[in-house]
Amino acid sequence: QSMCCPACTHVQLEQAVIRGMTNTIESYDPIVNNNIRNSWRSVQTVSECCGVEHFSDWLQNGTVWHIRALERHTEDELPQSCCPMQPNTTECYVTEVVHYNRSCYSVVYNTVQSHWKSLAGTAIGIACIQLIGILLSAILAESVKKYGKYSQFK
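Read on for an overview of the structure. This one's a predicted model, so the numbers in the text were calculated from it and none came from an experiment.

1. With respect to a nonpolar patch on the surface
So, step 1. A surface patch of nonpolar side chains, about 310 Å² in accessible area, is lined by Val112, Trp116 and Leu119.
So, step 2. You can see leucine 119 is positioned in helix H4 (residues 104–147).

Dropping the structure here:
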């Protein structure tokens with residue numbers, strides 16, 4: 001079922017967003033510099049949050065993050081973006097009191113909730129522009145069909 005279906009319930013939409021965020025955590029690789037890593041770093045640093053619903057999301061068995069942490073023998077390590085910037089350290093651990101406890105899903109949800117009118121207006125505006133383009137294309141096609149080849153317009 002599509003995430004953008006008009007008949008989706010609030011719960012279905014919420015579950016789809018959580019599932020999407022969880023999928024990106026599962027494939028987050030601290031070694032590879034890619035959009036997933038950069039997005040999570042940005043969201044967690046700016047929003048002062050950690051994980052989708054809880055910082056323990058990073059410690060789930062099978063995630064790339066957890067596998068890399070086990071390779072380094074640091075299974076309780078979190079991404080640096082889960083902790084406030086501290087001088088002389090680049091590490092962040094569950095055992096530290098300073099890691100963020102806020103859920104990143106709640107931050108994303110609240111942001112969308114507070115801007116939904118703008119998002120909906122933008123989507124409707126883009127749809128209207130596309131509809132106008134389709135209508136103009138149809139008018140042009142009808143004119144070409146009615147008057148024959150385009151060379152007769154000269």
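2. Here we look at H4
So, step 1. Taking 1.5 Å per residue as the helical rise, H4 with its 44 residues ought to reach 64 Å, and the 59 Å between its terminal C-alpha atoms agrees with that figure.
So, step 2. Helix geometry: H4 is bent most strongly at histidine 115, by close to 65°.
So, step 3. Three or more residues of H4 are buried, namely Cys104, Tyr105 and Val107.
So, step 4. Buried positions along H4 lie against helix H1 (10–27) and helix H2 (35–47).
So, step 5. Between the side-chain oxygen at the start of H4 and the backbone nitrogen of tyrosine 105 there is a gap of 3.2 Å, and the oxygen is on serine 103.

3. Describing unusual backbone geometry
So, step 1. Positive phi, close to 50°, is recorded for glutamate 48, a residue that is not glycine.
So, step 2. Here glutamate 48 shows up in the loop between H2 and helix H3 (64–71).
So, step 3. Of note in this structure, histidine 73 is not a glycine but carries a positive phi near 60°.

4. Some points on the packing of H1 against H4
Describing two packed helices takes the angle between their axes plus the distance from one axis to the other.
So, step 1. Packing of H1 against H4 leaves a shortest axis separation of 11 Å and a crossing angle of 130°. Overall, the two elements H1 and H4 adopt an arrangement that is oblique. Judged by the twist between their axes, the crossing of H1 over H4 is right-handed. Every residue of H4 that contacts H1 at His10, Glu14, Val17, Ile18 and Met21 is listed here: Cys104, Tyr105, Val108 and Tyr109.
So, step 2. Residues that form the contact of H1 with H4 fall into these classes: seven nonpolar, one polar and one charged.

5. Structural notes on the state of the cysteines
Such a bond, covalent and formed between the sulfur atoms of two cysteines, is termed a disulfide.
So, step 1. A full pass over the atoms with the stated rule returns three disulfides.
So, step 2. A disulfide bridge connects cysteine 50 with cysteine 82, and the sulfur atoms are separated by 2.0 Å. Measuring handedness by torsion sign, the sulfur bridge of cysteine 50 and cysteine 82 sits at about 80° and is right-handed. In this pair, cysteine 50 is assigned in the loop between H2 and H3 and cysteine 82 in the loop between strand S1 (77–78) and strand S2 (92–93), connecting sequence segments 32 residues apart. You'll find cysteine 50 and cysteine 82 in the same group, each marked buried.
So, step 3. Two residues, cysteine 83 and cysteine 92, share a disulfide whose sulfurs are 1.9 Å apart. Its S-S torsion of approximately 65° makes the covalent link between cysteine 83 and cysteine 92 right-handed. Per residue, the accessibility class of cysteine 83 equals that of cysteine 92, and both read buried.

Cut-offs applied
- Residues numbered from 1 in each chain as written.
- Predicted model: local features only at pLDDT ≥ 70, side-chain atom pairs only at ≥ 80, totals over all residues.
- Heavy atoms only, no water.
- Patch = residues over 30% accessible without salt bridge, like charges linked within 9 Å, V, L, I, M, F, W, Y side chains within 5 Å.
- Areas by Shrake-Rupley, 256 points an atom, 1.4 Å probe, with all protein chains shown as cover.
- Salt bridge = Lys/Arg side-chain N within 4 Å of Asp/Glu carboxyl O.
- Helix = DSSP H or I, 4+ residues; strand = E, 2+ residues; numbered from the N terminus.
- Expected span 1.5 Å × (residues − 1).
- Bend = angle between axes of the 7 residues up to and from the residue.
- Buried < 20%, exposed > 50% of the residue type's maximum accessible area, 1.4 Å probe, protein only.
- Contact = heavy atoms within 4.5 Å.
- Polar contact = N/O pair within 3.5 Å; in protein donor to acceptor, adjacent residues only side chain to side chain.
- Axes fitted to C-alpha atoms, helices over the stretch in contact; angles between N-to-C directions.
- Parallel < 35°, antiparallel > 145°, perpendicular 65-115°, else oblique.
- Left-handed = near helix turned anticlockwise from the far one by under 90°.
- Nonpolar A, V, L, I, M, F, W, Y, C, P; charged D, E, K, R; others polar.
- Disulfide = S-S within 2.5 Å.

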